[in-house]
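Summary of the model geometry
Residues per chain are reported as follows:
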Amino acid sequence: MMLVQLNYLRNHRAVDVGPLLAALCEEVERSAIDPAHLKVTLDWLQYKKNFRPPVDPRRYFLADGSVNCEREIAIDVRRLSDDGLAPALRSALEYLYRDGQGGEDRLLLEEFCRPSQSIIWAFNRTFWQHLSEWERTFQRGFLSALPGGVSDGTNPAFWRDRLTLFLDVLDDLNRRGLLPEEIYVLELGVGTGHQAKVWLDTFRDLCADRGRDYLRRVRYLMSDYSPDVLYTARRTAAEYGEQVSCLNIDAADPLHSLAFLRYKVLFIHSCNLYDNLPTDEVARRNGKVYEVRVRAYLPAPAVEAICAAHHLPPPELPTAIQRLLRIGPSYFDSVEEGVRFWAAVWEALRLEECYVQIEDPSSYRPVPSVPGVRLDTLLDTVAGDIRMHLSTVALESFVHTLPLLHPRGLFQVQDLFVTSLEQYRGTFRGPGKLDGAIVNWLNGPLFQLVGAHLGYQVHLEPFRYRERSNTVVLTTSQKE
Amino acid sequence: MRPPPPPPPRLLPTAVVGSYAVPEWLERLKTDYHQRRLSAATLDAIHDVVIKAALKDQERAGLDVVTDGELRRDNLVDHLLVRLPGVEIDRRQKAYYYDYYDAVVRGPLPQAPLGLVAEFQFAQRLTDRLVKYCLPGPHTLVKRLRDEYYGDPRALGLALARVLNAELRALVAAGAQLLQIDEPYLSGYPEDVAWVVEVLNVLVAGVGARVALHICYGNRYGKPQWEGSYRALFPALLRAEVDQLVLEFGRRGVGELGLWREYGVRWELGMGVVDVKDERVEGAEEVAERIWRGVEVVGAERLWVNPDCGLRHVAPEVAYRKLEALVAGAALVRRELTGRADA
């Protein structure tokens, strides 16, 4: 008996998997392997650019590094092609059942590691650090890579509602003599700066409607880890002068840079920041819990093509990639050539995956800075096999941002949240590639669990200001 | 009128505010009890042991005034609410031990003993230090109770104060010399201060022990529930018939000490000199510097030294080191004031 899990049924058009299943059975029979220990998952990867080959074999390891008898093949049904299917399946099965580490058909860029530690995040960082070079080369802004080409972070109706609520809080504090002289607002990850501008414009208009003078008391802090991004954003919100400050801070630990604002910030917000922060993944298979490990590689044909296009001897390719990530595209004689080399490597970049068993899930702490949160508590809320993100750095950011929040302050994150763990079963949730950046959905129930331990109720509401938006709005309230 | 309190145990006495660090494993066991996975008898036995350990920690750190760490309590109020006749709790099970009960008053509160004396005596038997006993005040209880009978917070507060007054007197009869009323909600509701003072005076009437009043900015889940200023409570608060005010200055700075001078406050000050919302352990010199500011404004003879609030949410090893820093800081100041190396 072989288990085939269909992960693509929700929200996607029908796919004829008959030929696939026939080819699969034929190849399994030919290979004489035990299908009882082979799990096949059929996914629909909605991100046209991603890190997976169409047929992705994965091995299982025990905690001591020895190979487990379980095996898995994940197939992207979106990229099914009848002619290449049988060879791809055969190759995947050979990979799974041969001894040795593999890697002959690819250029490995790292050893197996937790996904959050992978070199792919160095590419992601490079994208934001050198965004303007990338945009100049390809003559388009990064927002155009978003589904629908629009950010929900600048929706005027949304901001009018949210800031009306904020004004109510300010009015209440003011009436009771508890409103601080300076009204701190913190934006994490500033994009083009248009979100800041919409925030300030809307707040100005609402204050005028109510006859309040709060705007002059606002200290709007734009924070980002990319000076390049901050520079652009600063110009967008230039009309607000010194009321807007730019801070180059690490998104994983805002408190480290802003400790002087502990419990003082009255409005904290971000949009599509968390989905772009490093994450790990865990999976439960047949009652056992595993960490996902990855190693980045370039397929051999891509290595050949990139080296030919950029006149590089293949042995020098790893060094060229390392220097690109350290220096940026200006490492090349021409920045444009550097960007094109970077984009070609990024396009070809794949992740090989495996699973490593977690021996004692009850002692596994998915968020080390909140030791009371246990992985088994989360897994107990859902039955059967599941694979989910741990939103590793996003949760670190969350944990290290909440202490900045004024007791009556508003905290708001617009992002791609899974609101129920069951959602991990129906649709692929990342990692995907958006231009030169990475996108992963966020584990909303884990945010709720972490929030509860820190004294906050975490609310997850669909963004209702744009049809077919995937955005979910996370807000917090003080837990009684 | 209440009799004046006895002299302090020493110059610049050092104390905890109330609660002591709750280890993660104890939190899990308390939750297990609420989910019927652990018996009350077993949890009681565990509480006895952890209280002994907490007292030992406080003694080792060198405190003059200790508590049982409030380790039998789930949170600020439930421990008391379950003992108050007339308070109804329809659902006793909790998903997490620290959650609050939904407690409701549906009729007049009768007078009855609450059984707090035995807890005080348990701690007092285990130490030769001065034991402080703390309990939430009427304002805090009013804010946590659903009132379906009195229809007026002041009336409910007065009813609670009358019941608690009898218990305070029983504690004094059992040997309690230092009682503390915790009113952390007051800084968030300064508009209530007038009726709260009236109620507090009913609560402490005829109580022959030193009575402290603790007002902070909340410490639920180790974070403040309000930001504002103690100033909003003055001068109305001055009419409270207490002996000591226990306030937080460690986290918020000493700026509001000026209120003492501005209003000619006559009370002792239990000065919070250690931040309980930050895991960073203060140095002895840093603590001493804060104490000096208190000495300048309040006077050494009226100054007690304590953390800002309970240490419940601080990691156990950090809580202990913070207490050590507090004791060392007080010793530095005491040494300079008395000229004695062993002060």
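Residues numbered from 1 in each chain as written. Chains lettered and ligands numbered in written order. Predicted model: local features only at pLDDT ≥ 70, side-chain atom pairs only at ≥ 80, totals over all residues. Heavy atoms only, no water.

1. Some thoughts on the overall build of chain A
- If you tally the helices and strands in chain A, you get 15 helices and 20 strands.
- Whereas a compact globule of 480 residues would reach a radius of gyration of roughly 23 Å, chain A reaches 24 Å, a difference of no more than 12%.
- Taken along its principal axes, the extent of the C-alpha atoms in chain A is 80 × 55 × 40 Å.
- For chain A, the residues scored as buried account for 58% of the 480 residues in total.
- For chain A, long-range pairs separated by at least 24 residues make up 79% of all intrachain contacts whose partners lie at least 6 apart in sequence.
- As displayed, chain A offers around 19,800 Å² of accessible surface, 52% of which is attributable to carbon and sulfur atoms.
- Treating the 54 positive side-chain charges of chain A as one cloud and the 63 negative ones as another, the clouds have centres 4 Å apart. (Helix = DSSP H or I, 4+ residues; strand = E, 2+ residues; numbered from the N terminus. Rg over C-alpha atoms; globule rule 2.2 N^0.38 Å. Buried < 20%, exposed > 50% of the residue type's maximum accessible area, 1.4 Å probe, protein only. Contact = heavy atoms within 4.5 Å. Areas by Shrake-Rupley, 256 points an atom, 1.4 Å probe, with all protein chains shown as cover. Lys, Arg positive; Asp, Glu negative; His and termini not counted. Charge placed at Lys NZ, Arg CZ, Asp CG, Glu CD.)

2. Things to note about helix α6 (residues 153-173) of chain B
- Between its first and last C-alpha, α6 of chain B extends 30 Å over 21 residues, near the 30 Å set by a 1.5 Å rise per residue.
- In the stretch just after α6 of chain B, Gly175 of chain B is the one whose phi turns positive, near 115°. (Expected span 1.5 Å × (residues − 1).)

3. Some thoughts on the environment of Gly189 of chain A
All names here are of chain A.
- Take Gly189: it is sitting in the loop between β6 (183-188) and α6 (194-210).
- Note: C-alpha distance between Gly189 and Cys271 (82 residues apart in sequence) is 7.3 Å.
- When neighbours within four sequence positions are excluded, Gly189 is seen to be in contact with Ser223, Asp224 and Leu273.

4. Overview of the pairing of strand β10 (residues 303-307) of chain B
All names here are of chain B.
- Taking burial as the measure, the five residues of β10 include five buried ones, the bulk of the element.
- Across five bridges, strand β9 (residues 268-274) lies against β10 in parallel orientation. Across the sheet, the residue bridging to Val274 is Pro307, located in β10.
- Handedness of the crossover is the feature at issue here: the chain leaves β9, passes through helix α9 (residues 284-298), returns alongside β10, and the resulting connection is right-handed. (Pairing = 2+ DSSP bridges. Right-handed = clockwise from strand over helix to strand, strands pointing away.)

5. Some words on the layout of surface pockets
- Its volume calculated, the second largest pocket comes out at about 1,000 Å³.
- Taken together, 33 residues form the lining of the second largest pocket, with Ser369 and Leu454 of chain A together with Tyr221, Glu279 and His313 of chain B sitting closest to its centre. (1 Å grid on protein atoms, 1.4 Å probe; cavity = no way out; pocket = protein on both sides within 12 Å on 5 of 7 lines; lining within 4 Å. Points joined across faces, edges and corners; volume = space filled by probe spheres on them.)

6. Quick notes on helix α1 (residues 24-34) of chain B
Residues and elements named next belong to chain B.
- The complete set of buried residues in α1 reads Leu26, Glu27, Lys30, Thr31 and His34. The buried residues of α1 occupy one face: seen down the axis, they fall within an arc of 140°.
- Tucked into the core, α1 has its buried residues touching α2 (40-61).
- Positive phi appears at Arg36, one or two residues downstream of α1, with a value of about 65°. (Arc of directions from axis to C-beta.)

7. Describing the sheet that holds strand β1 (residues 65-66) of chain B
All names here are of chain B.
- Taken in spatial order, the seven strands of this open sheet run β1-β4-β6-β7-β8-β9-β10, and their pairing is parallel. Of all strands in the sheet, those bounded by a partner on one side alone are β1 and β10.
- As paired elements, strand β6 (residues 178-182) and strand β7 (residues 210-215) share five bridges and run parallel to each other. Within the sheet, the bridge partner assigned to Ile181 lies in β7 and is Leu213.
- Each of β9 and β10 touches α9; the most contacted strand, β9, lies at about 160° to it. (Axes fitted to C-alpha atoms, helices over the stretch in contact; angles between N-to-C directions.)

8. A word on the interface of chain B and chain A
- Each partner contributes residues to the interface: chain B has 23 residues there, and chain A has 18 residues.
- Among the residues chain B hides against chain A, the three largest losses belong to Tyr221, Lys223 and Glu227 of chain B. Together they make up 36% of the total.
- Remark: the boundary between chain B and chain A carries five salt bridges.
- In this structure, Arg176 of chain A and Glu191 of chain B form a salt bridge, with 3.1 Å as the shortest nitrogen-oxygen distance.
- Put simply, chain B and chain A have nine residue pairs in polar contact (both at pLDDT 80 or more) between them.
- Taken together, the residues of the side of chain B that touches chain A sort by class into seven nonpolar, five polar and 11 charged. (Buried area = accessible area lost by both parts, 1.4 Å probe. Salt bridge = Lys/Arg side-chain N within 4 Å of Asp/Glu carboxyl O. Polar contact = N/O pair within 3.5 Å; in protein donor to acceptor, adjacent residues only side chain to side chain. Nonpolar A, V, L, I, M, F, W, Y, C, P; charged D, E, K, R; others polar.)

9. A short note on the confidence of the model for chain B
- Per-residue confidence for chain B averages 96 on the pLDDT scale, and 100% of its residues sit at or above 70.
- Quick note on the complex model: pTM equals 0.90, ipTM equals 0.83. (pLDDT = per-residue confidence, 0-100.)

10. Thoughts on the pattern of salt bridges
- Counting across every chain of the model gives 74 salt bridges over all chains.
- Notably, a salt bridge pairs Asp56 of chain A with Arg58 of chain A, separated by 3.3 Å at the nearest N-O pair.
- Judged by its relative accessible area of 3%, Arg58 of chain A falls in the buried class.
- Between Asp102 of chain B and Arg146 of chain B there is a salt bridge, with its nearest N and O atoms 2.9 Å apart.

11. Details of the packing of α2 of chain B against helix α10 (residues 316-338) of chain B
Residues and elements named next belong to chain B.
- The geometry of α2 relative to α10 is characterised by a closest axis approach of 9 Å and an angle of 35° between their N-to-C directions. Once α2 is placed against α10, the crossing between them reads as right-handed. For the pair formed by α2 and α10, the contact residues are Asp57, Gln58, Arg60 and Ala61 on the first element and Tyr320, Leu323, Glu324 and Val327 on the second.
- When its residues are assigned to classes, the contact of α2 with α10 shows four nonpolar, one polar and three charged. (Left-handed = near helix turned anticlockwise from the far one by under 90°.)

12. Overview of the side chain of Asn165 of chain B
Residue and element names in this part refer to chain B.
- Along the chain, Asn165 turns up in helix α6.
- Engagement of the side chain of Asn165 in a polar contact is seen with the backbone oxygen of Ala205, the distance being 2.9 Å.
- Sequence-distant contacts of Asn165, that is, excluding residues within four places in its chain, are made with Val202, Leu203, Val204, Ala205 and Val207.

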